[in-house]
Amino acid sequence: MEIDFLIIGQGLAGTSLAYRLEQEGQRILLIDQPDWNKSSRVAAGLYNPVTGRKMVKSWKAELLFPEIEPFYSELENACGRRFLNRKKIYRPFLSIEEQNEWMGHSSDPSITQFIEEIFTESQHREMNDNFGGVLLRMSGWLNINEYMAGMANYFDDRLRLEVFDESLLEKSTDGWKYGAISAKKLVFCNGLGALKSQFFSYLPFAPVKGEILEVEQDFEPDFIANRGVFRVPLGGGIHRVGSTYTWHDLDTGPSKAAKTEILSKLHELVRVPVNGVKSHKIGIRPATKDRKPFLGKHPIEDSVYIFNGFGAKGVSLIPYFSKMMTSHLINSEPVIADVDIARYFKYI
């Protein structure tokens, strides 16, 4: 079997890149070990243009966010499933000062494109929003399980579910051989699995454990509430709530401390009592030391690449950067310095 690209990993990154490459006429094959994309499958799938305790515009939001909904809509049409949920995000203000600051933002063109409306008084008696809040647009969430399943069916015979054994790779005159497969180029999209690779083990991944809950709770507005925690309405009185960020205890399961933390922050956001916790899940995110993804070509092997390290913001980052990576792979166009793995070549 002769192909142009052997892509290791069918998580968010590998799926999107494989689709982009095929649209450019490239022959691809995906190899995926299901537990490699566990962090993708338990993620909330949120895309949010304003993040953090200080409510600042997400990194490169003006470039990233116009790509998100058109890209996932195209993939919905390609595989015949629906997984993109466009939802406004409501972020309460914590003070008059914050309210005034955001009124000032309303004149900043780089931020106004993400603002639906600013409120200066409480909008919902069920919420702790005494100072009002900001309603954001170009936001929502991706049903990642539905997305992954739909795209797995779409790729069909171009996807193999098996353990990738790097020791079986053989260099050839035209690229690489892997059993009966002859590939011109390899692309590692396998999350933290890249840490075990002979090619990319030097890259400074900084794995992050995240925990999320699904809770039963009344009050089901048509928006995602986000302050301290996010609260995504799933329907039927069920909401996905999270997330925690932990750089230690990466191998342990769901923790009581994380559950308590999430429920406490939820109570600070929504006054309505929680009727029950339906599920408690964890994922280990393939974050990086500088919080920027890894894109680019191996410093020595011209036919080995990586597209990885998207951490908790993969849904937001991948549509834009998969387009950039496709141009890099096919036309040798450079990737921006912020994400180019060349920034770490000195550590090899």
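Above: the structure in question.
What you see is a predicted model, and the numbers here were worked out from it, not measured in a lab.

### Some details on the nonpolar core
Move 1: Within the largest apolar cluster, 45 residues are counted, with the highest numbers of intra-cluster contacts made by Ile 7, Leu 142, Tyr 147, Val 187, Phe 307 and Phe 321.
Move 2: With near-sequence residues (within four places) excluded, Phe 321 lies in contact with Trp 59, Leu 64, Leu 295, Phe 307, Phe 310, Ile 336 and Val 339.
Move 3: Among the nonpolar cores identified, the runner-up in size contains 24 residues, and Ile 31, Phe 164, Ala 194 and Val 304 belong to it.

### Topic: the sheet that holds strand E10 (residues 140–142)
Sheets are built from strands paired through backbone hydrogen bonds, the pairs being either parallel or antiparallel.
Move 1: Pairing is antiparallel in the open sheet, where three strands are placed in the order E3-E10-E6. Taken across any chain shown, the strands that pair with only one partner, and hence form the sheet edges, are strand E3 (46–47) and strand E6 (84–86).
Move 2: Helix H3 (residues 61–79) rests against E3, E6 and E10 of the sheet, and its axis sits at about 135 degrees to E6.

### What about the packing of helix H1 (residues 12–23) against helix H6 (residues 144–155)?
Move 1: Packing of H1 against H6 leaves a shortest axis separation of 11 Å and a crossing angle of 40 degrees. Relative to H6, H1 is oriented oblique. Judged by the sense of rotation from one axis to the other, the crossing of H1 with H6 is left-handed. Facing H1, whose interface residues are Leu 12, Thr 15, Ser 16, Ala 18, Tyr 19, Glu 22 and Gln 23, H6 presents Ile 144, Tyr 147, Met 148, Met 151, Tyr 154 and Phe 155.
Move 2: Its residues assigned to classes, the contact of H1 with H6 comprises nine nonpolar, three polar and one charged.

### Describing the packing of aromatic side chains
Move 1: Counted by the stated rule, this structure contains 20 aromatic pairs.
Move 2: On the numbers, 6.2 Å between centres and 70 degrees between planes, the contact of Tyr 90 with Phe 119 is edge-to-face. Highlighted residues: Tyr 90 in strand E7 (residues 88–92) and Phe 119 in strand E8 (residues 115–119), separated in sequence by 29 residues.
Move 3: For Tyr 90, a relative accessible area of 1% gives the class buried.
Move 4: Three or more aromatic residues joined by ring pairs make a cluster, and in this case those are Tyr 19, Phe 71, Tyr 72, Phe 83, Tyr 147, Tyr 154 and Phe 155.
Move 5: Above the ring of Tyr 154, the side-chain terminus of Arg 158 is found at 5.4 Å from the ring centroid.
Move 6: It is Lys 292 that lies over the ring of Trp 59; its NZ or CZ is 5.0 Å from the centre.

### Considerations on the sheet that holds strand E17 (residues 229–235)
Move 1: With mixed pairing, eight strands are arranged side by side in an open sheet as E8-E9-E7-E16-E17-E18-E15-E19. Two strands in the sheet have a free side with no partner beyond their single neighbour: E8 and strand E19 (274–285). Strand-to-strand twist in this sheet, taken as the mean axis angle between neighbours without regard to direction, amounts to 20 degrees.
Move 2: As defined by bridge partners, strand E15 (residues 208–217) adjoins E19 across ten bridges and the pair is classed as antiparallel. Bridge assignment links Glu 216 to a residue of E19, and that residue is Gly 276.

What counts, and where the lines are drawn
Residues numbered from 1 in each chain as written. Predicted model: local features only at pLDDT ≥ 70, side-chain atom pairs only at ≥ 80, totals over all residues. Heavy atoms only, no water. Core = buried A, V, L, I, M, F, W, Y, C linked by side-chain atoms within 4.5 Å. Buried < 20%, exposed > 50% of the residue type's maximum accessible area, 1.4 Å probe, protein only. Contact = heavy atoms within 4.5 Å. Pairing = 2+ DSSP bridges. Helix = DSSP H or I, 4+ residues; strand = E, 2+ residues; numbered from the N terminus. Axes fitted to C-alpha atoms, helices over the stretch in contact; angles between N-to-C directions. Parallel < 35°, antiparallel > 145°, perpendicular 65-115°, else oblique. Left-handed = near helix turned anticlockwise from the far one by under 90°. Nonpolar A, V, L, I, M, F, W, Y, C, P; charged D, E, K, R; others polar. Phe/Tyr/Trp six-rings, centres within 6.5 Å; stacked < 30°, edge-to-face > 60°. Lys NZ or Arg CZ within 6 Å of the ring centre and 35° of its normal.

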